[in-house]
Amino acid sequence: MAEPARQHESDHEEFLDPDEVDEEQVLEEDGDMMEEDDDENGEEAQEYDAEGNPVDDDEMVELQDDSVQGFFTHKEPVYDVALHPVHQNIAVSGGGDDKSYLWRLYDGEQLYEFGGHSDSVTQVAFSVDGTYVASGSMDGKVRVWKSETGEFVCELEGPDEVVWINWHPKGNIILAGATDSSVWMWAVPSGAFMNVFNGHSGPVTSGMFTPDGKKIVTVSEDASLIVWDPKTASAVHRITSEDARFHSDVITCLAINKDSTLAMTGSADGTAKLVNIHSGNILGSFENHTDAVETVGFSDHLNLAATGSLDGRLNIWDVQTMQLRTTCEHKGPIIKAQWHKTQPLITSCSADRSVQVWDGRTGQNLKIWLGHQDAVLSFAMTNDGLTCVTGSDDGCALVFRMVDN
């Protein structure tokens, strides 16, 4: 698209009604929309460049928008997006409007609206085979629907504000971590309560089943990591800040390698730690950032890991030697990074409003996608690595493609 759809609070109501939008409108109807970029007094609104800097009237330039499609119904920050694991032309997004939506990538068409929450939707996720889609909210509830029909399945209650949700990698069991330091587990579709995991003393910032489904790993603002037995809800290993080798501040993020043997944690103390899940031993520390580490991840293809920080740097590390391999840089804080499933590439999103793709082996920048008018909070990549769906503070979800059309 040559022009971005910038007016998220007013203009969208005129041309982005879900019942009226079609592919032609979103992809081609760009000229007239952008000509109405004036305030209520008839004065031209301030323009900004791709880095968010004001542009003087005598050097006005069109804002770059590389997106090929979008979903504009939220009107509030889009906190999370996810792609159907099988039908990858289907996305779900959740946001500050207390709702989540199921929609199609190729035309931006809304398929289903999922309501029932009374506070912001913080995370959305499909079950492993895509049969179910769930939303977790700050209202303390997890709600589940059938993705094919939009039929409501169950509402899961128990936690305080839900920070994250995670499906079992082999079955219809779902976890939720909360601000009240608890982690809950239920069966779907029955909604039956299975276990509650108590052991942290602060909000549980991240957690997940190991890829083999045999363990659960959680981290908390109390600077602790716990490995759990899902069946008994007992702690198998616990690492805290009392160990001087571990984190000294809030743990913000977590990743587990595909073999279910290693966990990586990122912290507000600016470091990332490598932990053996089976033994509970701390294997080492990744130290190169000057601000909080917000995202971590393992490559499935190479013995590499990544750390992304508020300092704007995405560091690529050799897991075996614990040495820094290369550094990729954004112009603003990095919010999320994720390795590609089928390639040695990594994608990152940032408060600088961009999404970027890098070669994890060399650090070479392969793609920069622009189009959002505020921080990019989340993204999801298709399995082939060619399409990216994003959610932003600007209230929009956009679709980008590696191959230009």
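Located above this text is the structure these notes cover.
Attention here is on the structure that accompanies the text. (Residues numbered from 1 in each chain as written. Predicted model: local features only at pLDDT ≥ 70, side-chain atom pairs only at ≥ 80, totals over all residues. Heavy atoms only, no water.)

### Here's the deal with the sheet that holds strand β29 (residues 345-350)
On the basis of which strands lie adjacent, the open sheet formed by four strands has the order β28-β29-β30-β31 and antiparallel pairing. Only two strands of the sheet have a single neighbouring strand rather than two, namely β28 (334-339) and β31 (365-369). The average angle at which neighbouring strand axes cross in this sheet is 15°, direction not considered. Where β28 lies against β29, five bridges are found, and the strand directions are antiparallel. Across the sheet, the residue bridging to A337 is S348, located in β29. (Pairing = 2+ DSSP bridges. Helix = DSSP H or I, 4+ residues; strand = E, 2+ residues; numbered from the N terminus. Axes fitted to C-alpha atoms, helices over the stretch in contact; angles between N-to-C directions.)

### Focus on the pattern of salt bridges
Throughout the structure, instances matching the rule amount to ten salt bridges. Between R104 and D107 there is a salt bridge whose closest N-O contact spans 2.7 Å. Since its relative accessible area comes to 10%, D107 is described here as buried. Residue E151 is joined to K146 by a salt bridge in which the shortest nitrogen-to-oxygen separation is 3.6 Å. We classify E151 as partly exposed; its relative accessible area is 43%. Given the relative accessible area of 32%, K146 is considered partly exposed. Because the salt bridges share partners, they merge into one network encompassing K141, R143 and E155. (Salt bridge = Lys/Arg side-chain N within 4 Å of Asp/Glu carboxyl O. Buried < 20%, exposed > 50% of the residue type's maximum accessible area, 1.4 Å probe, protein only.)

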